[in-house]
Amino acid sequence: MLKKELRTVYKAQRKALNEEEIEFKSLQIANQLVRLPLWDYVYYHLFLTIESQKEIQTEFILQILFGKDKEVVLSKSNFETGSLTHYLLTDNTKLRKNAYDIPEPVDGIEVPETKLDVVFIPLLAFDEKGNRVGYGKGFYDRFLAKCRPETVKIGLSFFEATSEIADVSPDDIRLDWCVTPEKVYSFSAAASS
């Protein structure tokens with residue numbers, strides 16, 4: 001399927017989920033993550049849930065990261081430039097929802113992309129090769145292109161892989177893993193080790 005078609009299909013599937021299903025599936029995803037060999041790093045980039053889009057509730061992952069004493073990094077979107085600025089989450093971080101209902105840090109200690117060890121990635125759909133479909137604005141492709149090649153890229157999805165995304169672009173950055181409530185998909189040699 002094409003990205004545009006996948007966006008339509010998976011937005012509709014997500015819209016059909018109720019709050020209890022979202023919470024249960026989000027918790028299952030967090031439980032899958034705990035079993036992965038990715039907890040020896042320092043800097044973890046996490047997205048905060050856009051509730052109106054029925055995204056995965058990432059507070060479960062946030063609790064794991066805090067429990068493991070990790071440095072958590074959040075992004076602030078600039079829709080004029082299509083870029084993200086990343087800030088360390090501290091006790092003093094003030095969060096505010098932007099015009100698109102995305103909770104973001106107001107300001108804080110900036111963290112360069114090259115410092116990030118693990119990035120958790122929101123998506124609508126992904127395929128069996130690790131290609132992903134987001135909302136189509138390219139924020140994460142531009143962001144991930146600035147990360148180190150060894151930065152671990154983990155997609156989070158309520159739904160299983162589709163067989164193939166037909167219109168993958170050379171600029172699209174593949175996932176190393178994708179975690180669903182039922183399964184962990186591994187797409188790279190780094191993820192397999």
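Located above this text is the structure these notes cover.
Here the structure is a predicted model, which is why all the values come from computation and not from measurement.

A. Just helix α3 (residues 59-67), in detail. Turning to α3, its buried residues number three or more, namely Phe60, Ile61, Leu62, Ile64 and Leu65. Looking at the buried side of α3, the elements it contacts are α2 (19-34), β1 (43-45), β2 (71-78), β6 (118-122) and β9 (152-156). Looking at the residues trailing α3, positive phi occurs at Asp69, about 60°.

B. Geometry of the pairing of β6. Most of β6 sits out of view: 5 of its 5 residues are buried. Here 2 bridges tie β1 to β6, and the two strands are oriented parallel to one another. Of the residues in β6, the one forming a bridge with Tyr44 is Val118. Bridge analysis of β6 against β9 gives 5 bridges, and the strand direction is parallel.

C. Fine view of the sheet that holds strand β3 (residues 83-88). Strand order in the open sheet formed by 7 strands is β3-β2-β1-β6-β9-β10-β11, with mixed pairing between adjacent strands. Here the strands that pair on one side only, and so sit at the sheet edges, are β3 and β11 (184-186). When the angles between neighbouring strand axes are averaged without regard to direction, this sheet yields 25°. Pairing analysis gives 3 bridges linking β9 to strand β10 (residues 177-179), with the strands arranged parallel. Residue pairing in the sheet places Leu156 in a bridge with Val179 of β10. Of the strands in this sheet, β1, β2, β6 and β9 touch α3, which is tilted by about 140° from β2.

D. View of the environment of Arg14. Secondary-structure assignment places Arg14 in helix α1 (residues 3-15). Residues Arg14 and Lys54, 40 residues apart in the sequence, show an inter-C-alpha distance of 6.3 Å. Here Arg14 is in contact with Gln53, Lys54, Glu55, Leu123, Leu124, Tyr135, Phe158 and Phe159, once residues within four sequence places are set aside. Among the polar contacts listed, one links the side chain of Arg14 to the side chain of Tyr135, at a separation of 2.5 Å.

About the criteria used
Residues numbered from 1 in each chain as written. Predicted model: local features only at pLDDT ≥ 70, side-chain atom pairs only at ≥ 80, totals over all residues. Heavy atoms only, no water. Buried < 20%, exposed > 50% of the residue type's maximum accessible area, 1.4 Å probe, protein only. Helix = DSSP H or I, 4+ residues; strand = E, 2+ residues; numbered from the N terminus. Contact = heavy atoms within 4.5 Å. Pairing = 2+ DSSP bridges. Axes fitted to C-alpha atoms, helices over the stretch in contact; angles between N-to-C directions. Polar contact = N/O pair within 3.5 Å; in protein donor to acceptor, adjacent residues only side chain to side chain.

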